[in-house]
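Letter by letter, the chains look like this.
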Amino acid sequence: TQTFRWRSLIQTAVSQGLSNGSFVVGPHGVQPLGAMVMERQVAQAVADRLTATVPALLPIDEVEELLLAYEKDEDIELNPQQWEAVRLAAAKPFALITGGAGVGKTTVLKALYNVYDRAGISVTQLALAGRAAKRMQEATGRPASTIANFLRNGQEGSFDERSVVIVDEASMVDLVSWRKLLDFVPT
């Protein structure tokens, strides 16, 4: 068997990290202090958005009118889950649209964008990679950017309650980027 010299240093590193405060013990084991703080900040920002009481963007009958018009314009029929996804995103300050490839997430976004347009909401589309941002832009007909480019060039505080940020493949976004991104979008 191969021996790794660094393995003998693990116990010392963890012990020193715990004693100097750079590591903390939490319910899931030892964690770097910075990562724990960022995780809590992101979790709190999401919780604040999930529990916020805000008025719906539009009355539900107007949302449903827009959905019917979208179906007619696109010559498609949204399934009940797609209708519910649009209704939810129109009523709440935080929503996740999930599903595997080909289930109609982009179709939901395009229908939702009609609601946002009617309500006077500005949309910012973000993706991890340039190729994904380009696909997002082509699929929706709206500008899209990489998260890194947005964070580099965006202005903190430039969003208000009339703005939404759509993040493609949100589960793949790293903790540091989420923390920075949430600084841009008000609770």
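Structure: above.
Thresholds, definitions, all that
- Residues numbered from 1 in each chain as written.
- Predicted model: local features only at pLDDT ≥ 70, side-chain atom pairs only at ≥ 80, totals over all residues.
- Heavy atoms only, no water.
- Helix = DSSP H or I, 4+ residues; strand = E, 2+ residues; numbered from the N terminus.
- Rg over C-alpha atoms; globule rule 2.2 N^0.38 Å.
- Buried < 20%, exposed > 50% of the residue type's maximum accessible area, 1.4 Å probe, protein only.
- Contact = heavy atoms within 4.5 Å.
- Areas by Shrake-Rupley, 256 points an atom, 1.4 Å probe, with all protein chains shown as cover.
- Lys, Arg positive; Asp, Glu negative; His and termini not counted.
- Charge placed at Lys NZ, Arg CZ, Asp CG, Glu CD.
- Patch = residues over 30% accessible without salt bridge, like charges linked within 9 Å, V, L, I, M, F, W, Y side chains within 5 Å.
- Salt bridge = Lys/Arg side-chain N within 4 Å of Asp/Glu carboxyl O.
- Arc of directions from axis to C-beta.
- Polar contact = N/O pair within 3.5 Å; in protein donor to acceptor, adjacent residues only side chain to side chain.
- Pairing = 2+ DSSP bridges.

Engineer: Quick rundown of the overall build of the chain? Include the residues and the values.
Structural biologist: Along its length, the chain carries eight helices and five strands. Mapped in sequence order, the helices and strands of the chain form the string α-β-β-α-α-α-α-β-α-β-α-β-α. Taking 2.2 N^0.38 as the reference for a compact globule, 187 residues should give roughly 16 Å; the C-alpha atoms of the chain span a radius of gyration of 21 Å, well beyond that estimate. Each principal axis of the C-alpha distribution contributes one length, and for the chain these read about 65 × 40 × 35 Å. Within the chain, buried positions represent 29% of all 187 residues. Of the contacts made within the chain by residues no fewer than 6 positions apart, 58% connect residues no fewer than 24 positions apart. Taken as a whole, the chain presents about 12,100 Å² of accessible surface, with 53% of it coming from carbon and sulfur. For the chain, the distance from the average site of its 18 positive side-chain charges to the average site of its 21 negative ones is 11 Å.

Engineer: So what's going on with a nonpolar patch on the surface? Which residues, and what values?
Structural biologist: A cluster of nonpolar side chains, namely Phe4, Trp6, Leu9 and Ile10, defines an oily patch on the protein surface of about 410 Å² accessible area. Mapped onto the elements of the fold, Phe4 is located in the segment before helix 1 (10-20).

Engineer: Give a description of helix 8 (residues 175-184) that names residues and reports values.
Structural biologist: Residues of helix 8 that are buried: Ser177, Trp178, Leu181, Leu182 and Phe184. Down the axis of helix 8, the buried side of the element spans an arc of 140°, and every buried residue falls inside it. On its buried face, helix 8 is in contact with helix 2 (33-51), strand 3 (122-127), helix 7 (147-153) and strand 5 (163-167). One side-chain oxygen at the N-terminal end of helix 8 lies 3.2 Å from the backbone nitrogen of Val176; it belongs to Asp174.

Engineer: Any details on the pairing of strand 5? Residues and values, ideally.
Structural biologist: Here strand 5 lies mainly inside the structure; four of its five residues are buried. In this structure, strand 3 lies alongside strand 5, joined through five bridges in parallel fashion. In the sheet register, Gln125 faces strand 5, and the bridge partner there is Ile166.

Note that all results are geometric; they support no functional claim without further evidence.
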